[in-house]
Every structure is written in C-alpha cells, then in structure tokens.
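# Observations on the model geometry
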Amino acid sequence: MDLKTASAIRRLRLISVPEGISWIILAACTVIKYTVDSGFDVAPVLGPIHGVLFVLYVLFWADAWNRTRWNKGKAALYFAYSVIPGGGFIIERTLRREAEDAVIAARARKEGVVNA
C-alpha cells in the first residue's frame, strides 16, 4: 500500500467517528424535540455540523475508493455505513483492521516469510 492510499484510508477513518457521533446526537435530539415538550431544539446548530461532516465523509470515501480500487459491493457497503446511525464506528474498526493486516502482510513479505 502506497503512502497516498494509506493517507486516504486514514482520513476516512478519522472522519467516520465524528460523523457517526454527530448522526446519533442529531437523531436523538430530533426524537427528543418531537416527543418531549421541552423546547429543546439543537437541530439548527447540529444539522449544519453533521452536514459538513457527512460531506467530508463522502469526499474522503470517494478518494479512498479511487485509490484502493474497492469493488462496487465493498464501496457501497462503506457508503451505507454513513447513513446508518453509529455506522461510522463500524467502518473505522473495519478500516483499522484492514490497515493492520496490510502492515502485517508487508512486513512478512519484507522478511521473506510469505511470497505474497
């Protein structure tokens, strides 16, 4: 894995968690707003924050897809995680594991342990 590909995946990992958190908070606040008569409305503040984080996620996802050459199914799954509340946590963990596996494979090739 070259440096630009690793950087693209790292950017996607870094934005996925805040995007997931903002999605969950926005959804919870919206439910509270419409179920409890408390005057609690933070959607005008959280909405644009989540919107910016989501746009960044999509841009970083597209960059990572372009660099890693994921198949369409894997790319669609990673995009679908962005619209599922808490999906950002899943993709961060998945991408971290893939990066760790790539590092292990590269070290094994370098040391001559495997011929991959």
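These remarks concern the structure in this document. All figures in this text were calculated on a predicted structure; none of them were measured in a lab.

### Re the overall build of the protein
A count of helices and strands for the protein gives 4 helices and 0 strands. The linear arrangement of helices and strands in the protein, starting from the amino end, is α-α-α-α. At 18 Å, the protein has a C-alpha radius of gyration far larger than the 13 Å of a compact globule built from 116 residues. Projecting the C-alpha coordinates of the protein onto the three principal axes gives extents of approximately 65 × 20 × 20 Å. Of all intrachain contacts in the protein linking residues separated by at least 6 positions in sequence, the fraction that spans at least 24 positions is 65%. Roughly 7400 Å² of accessible area belongs to the protein as shown, and the carbon and sulfur atoms make up 65% of that amount. Taking the average place of the 15 positive charges on the side chains of the protein and the average place of its 10 negative ones, the gap between the two points comes to 7 Å.

### As for helix α1 (residues 3–35)
Taking 1.5 Å of rise per residue, 33 residues should cover 48 Å, and α1 covers 48 Å from first to last C-alpha, within 8% of that figure. Here α1 has its buried residues at T5, A8, I9, L12, R13, I15, S16, E19, G20, S22, L26 and C29. On the buried face of α1, the contacting elements are α2 (43–68) and α4 (87–111).

### Quick look at the packing of α2 against helix α3 (residues 72–80)
Axes are the key here: two packed helices are described by the angle between their axes and the distance separating the axes. The contact between α2 and α3 brings their axes to 11 Å, and the two run at 165 degrees. Looking at the two axes, α2 sits roughly antiparallel to α3. Once α2 is placed against α3, the crossing between them reads as right-handed. Contacts between α2 and α3 involve F54, Y57, V58, W61 and W65 on the former and, on the latter, K72, A75, Y78 and F79.

### A word on α4
With 25 residues, α4 extends 36 Å from end C-alpha to end C-alpha; this agrees with the ideal 36 Å at 1.5 Å per step. Looking at α4, one finds that the buried residues are G87, G88, I91, E92, L95 and A108. Considering only its buried residues, α4 is in contact with α1, α2 and α3.

How each quantity is defined
Residues numbered from 1 in each chain as written. Predicted model: local features only at pLDDT ≥ 70, side-chain atom pairs only at ≥ 80, totals over all residues. Heavy atoms only, no water. Helix = DSSP H or I, 4+ residues; strand = E, 2+ residues; numbered from the N terminus. Rg over C-alpha atoms; globule rule 2.2 N^0.38 Å. Contact = heavy atoms within 4.5 Å. Areas by Shrake-Rupley, 256 points an atom, 1.4 Å probe, with all protein chains shown as cover. Lys, Arg positive; Asp, Glu negative; His and termini not counted. Charge placed at Lys NZ, Arg CZ, Asp CG, Glu CD. Expected span 1.5 Å × (residues − 1). Buried < 20%, exposed > 50% of the residue type's maximum accessible area, 1.4 Å probe, protein only. Axes fitted to C-alpha atoms, helices over the stretch in contact; angles between N-to-C directions. Parallel < 35°, antiparallel > 145°, perpendicular 65-115°, else oblique. Left-handed = near helix turned anticlockwise from the far one by under 90°.

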